[in-house]
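The residues making up each chain are set out below.
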Amino acid sequence: MRRRAATATLVALALMYFALSAGGQDSYGAKVLRDGPLSVFTISARSTSRKVLMQSCARNVPTEEVVLVTGAAGFIGSHVSTALKRRGAGVIGLDNVNDYYPRGLKRARIQKLKDIGVHTVVADLNDAATLRKILDICQVTSIIHLAAQAGVRYAVKNPAAYVHSNVAGFVTLLEAVAHTAPMPKVVFASSSSVYGLNTKVPFSESDITDSPASLYAATKKSDELLAHTYNHIHGMSLTALRFFTVYGPYGRPDMAYFSFANNIMKDKPIKIFKAEDGGELARDFTYIDDVVRGTIASLDTAQRSGKNQDGSKPPFRVYNLGNTNPVTVSDFVSSLERALGKTANRNYVPMPKTGDVPFTHADISAAKRDLGYTPTVSLDDGLKHFVSWYSKYYANGKNAEDTNYVPM
Ligand SMILES: NC(=O)c1ccc[n+]([C@@H]2O[C@H](COP(=O)([O-])OP(=O)(O)OC[C@H]3O[C@@H](n4cnc5c(N)ncnc54)[C@H](O)[C@@H]3O)[C@@H](O)[C@H]2O)c1
């Protein structure tokens, strides 16, 4: 009798477990996606089902590769996740889908990833329990860490968001990795902004980067220092990628080129910043496909995490991923005008003192040597691809929240 009751209880518990965990639905994530705004600090995805995770992590070819991509709903993260999935890796995304810029675009990227079998767990990087669950269930072998509070100027308005995501969130991730056996290797996004007030050109990885000009840059520099520490103590394989102004389809509406496109299409004036000495700002604009290739090459060339018997460990690596061909913002706008087939109404104004640097220029010889990285997409071609996506995605007033968005 007692045995029958115990069996019934076990069956009930098993049924409850399957109802709660294997229902194929990421209930919290689905709720966030459906209901919209939620404080990033309250988002958790502990209820993401094992089945959904396992499906997303499944590899299509006999490879051991299972990659966690943080910031998967973001611009670079969605492109990197797509490229990894296409080559047969198991891919699982994580993103808190915050409202720094319109969420509709992040949801569209999540949907595109879902269509190719990549699930994005809606959770904050600081949610250590969810990270643990993903690392364990998926047996993650590599992490491409792209989640961050991006943007230079917004750091003046909301510094806490940068410390929360870029510093505390990164440490939460590194701690989770340090407590995983075997430890995954980690490639993470730093930024060209770490060169700050550096005047030596082109910017080389061996340059001293002790003079950041913005809080954003300071948090990215902190990430590199934190990575050095975890590499030193745990032998964790870590690679920092200093991206240089990345643009392309599904790009970020808070970036200048996106606002330029919005304003040109609406016949509104565009603001072009002048440096303090009256000179033109210049940027090493880099097309997304080149950045994706460089990012994946950095993963492929990274050694496994862990110390060897003789005490040796994988190196902590830092690479510039730029185009090594800086263009003034005026020339950039001319190229954008050609791609859009419309003329901009240019308004030259002094640059606000909120942390932008006058120019960026990447020395990419180290990435070329070690990663085989060679950017191939010209600015004119890259902007044509961007405009081709832009004109379809926003045709007939669709997705207007992005085109009306004024960066915070
Ligand atoms: N795009 C560029 O030109 C550029 C240049 C230099 C460096 N970077 C760096 O590259 C990475 C990717 O940039 P992007 O352009 O794709 O930016 P993005 O803002 O489009 O993507 C970042 C994603 O991270 C998510 N996120 C932020 N904080 C989070 C948190 N605490 N927990 C979980 N998710 C969180 C956001 O919701 C967003 O979807 C970032 O680290 C950024 O700082 C980008």
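Above this text sits the structure in question.
Residue numbers restart at each chain and count upward from 1, following the sequence in its written direction. Only residues with pLDDT of 70 or above have their local features reported here, since the model is predicted, and side-chain atom pairs are shown and tallied only from 80 upward, although totals for entire chains, interfaces and linings are computed over all residues.

Chemist: Break down the packing of helix H6 (residues 128-138) against helix H8 (residues 159-178) for me, citing the residues and quoting the values.
Modeler: Interhelical geometry of H6 versus H8 gives an angle of 40 degrees and a closest axis separation of 10 Å. The angle between H6 and H8 places the two elements in the oblique class. H6 and H8 meet at a crossing whose hand is right-handed. Of H8, the residues touching H6 (which contributes Ala128, Leu131, Arg132 and Leu135) are Thr172, Leu173 and Ala176. Residue type decides the class: Asp, Glu, Lys and Arg count as charged, Ala, Val, Leu, Ile, Met, Phe, Trp, Tyr, Cys and Pro as nonpolar, and the leftover types, Gly among them, as polar. Among the residues forming the contact of H6 with H8, the class breakdown is five nonpolar, one polar and one charged. Helix axes are fitted only over the stretch in contact, all axes being lines through C-alpha atoms; the angle between N-to-C directions runs from 0 to 180 degrees. Strands are runs of DSSP state E lasting at least 2 residues, helices are runs of H or I lasting at least 4, and numbering of each runs from the N terminus. Angular relationships are summarised with four words: roughly parallel below 35 degrees, roughly antiparallel beyond 145, roughly perpendicular across 65 to 115, and oblique for the angles in between. The handedness criterion is simple: a crossing whose near helix is rotated anticlockwise from the far helix by less than a right angle is left-handed, and one whose near helix is rotated clockwise is right-handed. Each residue gets a C-beta atom placed from its backbone, and two residues are in contact if those atoms lie within 7 Å.

Chemist: Tell me what's going on with the site of the ligand, and back it up with residues and numbers.
Modeler: For the ligand, the set of nearby residues contains 26 residues, the closest of which are Gly71, Gly74, Phe75, Ala148 and Ala189. At the level of secondary structure, the elements contributing two or more residues to the shell around the ligand comprise helix H4 (75-86), H8 and strand S5 (185-191). Counting residues per element, the shell around the ligand draws most heavily on H4, which supplies three residues. Classifying every residue of the shell around the ligand gives 12 nonpolar, 10 polar and four charged. Think of it this way: take the backbone, place a C-beta atom on it, and check whether that atom is within 6 Å of the molecule or strand, in which case the residue is near it.

Chemist: Give a detailed account of helix H12 (residues 329-340), specifying residues and quantitative values.
Modeler: Expected span of a helix, by definition, is 1.5 Å for each gap between consecutive residues, and there is one gap fewer than residues. When the terminal C-alpha atoms of H12 are compared, their 16 Å separation across 12 residues agrees well with the 16 Å that a helix rising 1.5 Å per residue should span. Neighbour counting defines burial: a residue surrounded by 20 or more other C-beta atoms within 10 Å of its own C-beta is buried, one with 12 or fewer is exposed, and intermediate counts give partly exposed, using backbone-placed C-beta atoms. Among the residues of H12, Val329, Phe332, Val333, Leu336 and Ala339 are the ones counted as buried. With its buried residues spanning 115 degrees around the axis, H12 presents them on a single face. Its buried side turned inward, H12 meets helix H10 (256-265), strand S8 (269-274), strand S9 (282-283), strand S12 (327-328), strand S13 (345-350) and helix H14 (379-393). Just beyond H12, the residue with positive phi is Gly341, at close to 70 degrees. By definition, the arc is the one covered by directions from the helix axis to the C-beta atoms.

Chemist: Could you give an account of the pairing of strand S2 (residues 90-95), with specific residues and numbers?
Modeler: Taking burial as the measure, the six residues of S2 include six buried ones, the bulk of the element. Going residue by residue along S2, you find Gly90, Ile92 and Leu94 tucked away on one face and Val91, Gly93 and Asp95 tucked away on the opposite face as well. Relative to S2, strand S1 (residues 66-70) is paired through five bridges, and the arrangement is parallel. Bridge pairing in S2 links Val67 to Val91. Note: two strands are recorded as paired if DSSP finds a minimum of 2 bridges between them.

Chemist: Tell me what's going on with unusual backbone geometry, and back it up with residues and numbers.
Modeler: Keep in mind that most residues, glycine aside, have a negative phi and that most peptide bonds are trans. The omega angle of the peptide bond from Ala181 to Pro182 is -10 degrees, so this bond is cis rather than trans. Inspection of the secondary structure puts Pro182 in the loop between H8 and S5. Across the junction of Val201 and Pro202, the peptide omega takes the value -10 degrees, indicating a cis bond. You can see Pro202 is positioned in the loop between S5 and helix H9 (215-234). Even without being a glycine, Asp267 presents a positive backbone phi close to 55 degrees. Along the polypeptide, Asp267 turns up in the loop between H10 and S8. Looking at Asp267, the number of C-beta atoms within 10 Å reads 10, which means it is exposed. Phi angles above zero are rare outside glycine, and Thr324 is one such case at about 50 degrees. Position of Thr324 relative to the elements: it lies in the loop between strand S11 (317-321) and S12. By the C-beta count within 10 Å, which is 19 here, Thr324 ends up partly exposed.

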